[in-house]
Amino acid sequence: MQDFKTMRDMCAEQEEKFQFERFSRRDALNIGLKLIENAEKQAQPVAVEITVNGLVVFRYFMEGSRPESELWLARKRNAVELTESSSLRMFAEMEAAGQTFADRKLCGDDYAAGGGFPIALRGTGVIGSICVSGFDDHLDDHQLVINTLAEYLA
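Chemist: Even after reading the chapter, I still don't get the overall build of the protein chain, so can you show me in this structure?
Modeler: On a plain count of helices and strands, the protein chain comes out with five helices and four strands. A compact globule built from 154 residues should have a C-alpha radius of gyration of about 15 Å, and the protein chain, at 14 Å, falls within 12% of that. For the protein chain, with 154 residues in total, the buried portion stands at 45%. Contacts spanning at least 24 positions in sequence make up 67% of the contacts within the protein chain whose residues lie at least 6 apart. Split by element, the accessible area of the protein chain, about 8,000 Å² in all, is 48% carbon and sulfur.

Chemist: What is the right way to read the pairing of strand E1 (residues 47-52) from this model?
Modeler: Along any regular strand the residues' side chains alternate between the sheet's two faces. Taken across its six residues, E1 has six buried, putting it largely inside the fold. Burial of E1 is two-sided: the residues Ala-47, Glu-49 and Thr-51 facing one way and the residues Val-48, Ile-50 and Val-52 facing the other way are all buried. As defined by bridge partners, E1 adjoins strand E2 (residues 55-61) across six bridges and the pair is classed as antiparallel. Within the sheet, the bridge partner assigned to Val-48 lies in E2 and is Tyr-60. As consecutive antiparallel partners, E1 and E2 are separated by two residues, and within that stretch Asn-53 has a phi angle of approximately 50 degrees, a positive value. Across six bridges, E1 lies against strand E4 (residues 125-133) in antiparallel orientation.

Chemist: What is the right way to read the nonpolar core from this model?
Modeler: Among soluble globular proteins, nonpolar side chains are generally buried collectively. With 25 residues, the main nonpolar core has Phe-23 and Ile-50 as its most contacted residues. Among the secondary structure elements, those contributing two or more residues to this core are helix H2 (25-41), E1, strand E3 (116-121), E4 and helix H5 (138-153). Top contributing element to this core by residue count: H2, with five residues. Other than its neighbours up to four places away in sequence, Phe-23 contacts Ala-28, Ile-31, Ile-50, Val-52, Ile-119, Leu-121 and Ile-127. Residues Ala-79, Met-90, Leu-106 and Tyr-111 belong to the second largest nonpolar core, which totals five residues.

Chemist: Explain the environment of Leu-29 here, please?
Modeler: For Leu-29, the location among the structural elements is in helix H2. Leu-29 sits in the partly exposed class, given a relative accessible area of 30%. In sequence terms Leu-29 and Arg-59 are 30 residues apart; their C-alpha atoms lie 9.1 Å from each other.

Chemist: Looking at this structure, how should I read the side chain of Ser-65?
Modeler: Tracing the chain through its elements places Ser-65 in the loop between E2 and helix H3 (69-83). Owing to a relative accessible area of 16%, Ser-65 belongs among the buried residues under this scheme. Within polar-contact distance, the side chain of Ser-65 engages the backbone oxygen of Met-62 at 2.7 Å. Discounting residues that sit within four places of it in the chain, Ser-65 has contacts with Pro-45, Val-46 and Ala-47.

Conventions we followed
Residues numbered from 1 in each chain as written. Predicted model: local features only at pLDDT ≥ 70, side-chain atom pairs only at ≥ 80, totals over all residues. Heavy atoms only, no water. Helix = DSSP H or I, 4+ residues; strand = E, 2+ residues; numbered from the N terminus. Rg over C-alpha atoms; globule rule 2.2 N^0.38 Å. Buried < 20%, exposed > 50% of the residue type's maximum accessible area, 1.4 Å probe, protein only. Contact = heavy atoms within 4.5 Å. Areas by Shrake-Rupley, 256 points an atom, 1.4 Å probe, with all protein chains shown as cover. Pairing = 2+ DSSP bridges. Core = buried A, V, L, I, M, F, W, Y, C linked by side-chain atoms within 4.5 Å. Polar contact = N/O pair within 3.5 Å; in protein donor to acceptor, adjacent residues only side chain to side chain.

This is the structure in structure tokens:
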């Protein structure tokens, strides 16, 4: 239980740290391309989707990415849109509280942990999401997003 609380707190800190003053479609393109570049360095074929105000502004499936990644991207996006937080944080909060999707009146088939991250404007709130799918572990999907945002916002 404590590990999930630590994970939840870590995600909250990342969400606070990786906010934008403004976010354009050019930012989405540059971040999307950087995510792909970073995944290639790890020889990991991923699928990437970036949405802004409900519109998909970047989407790419690397050679070797799995067709089911499209479903995983949607599930991760759903989690971000519902909670306005990362999909990993949603999962960690539920686990820390001992909750299931049924406890929250949600269908577990519609949500996924790790790899979905909110695009938040400082002082405004969440305007979209960055989602990655393709690693064997959802923590690695999440970490690719975090590492890429750290580079981009540096």
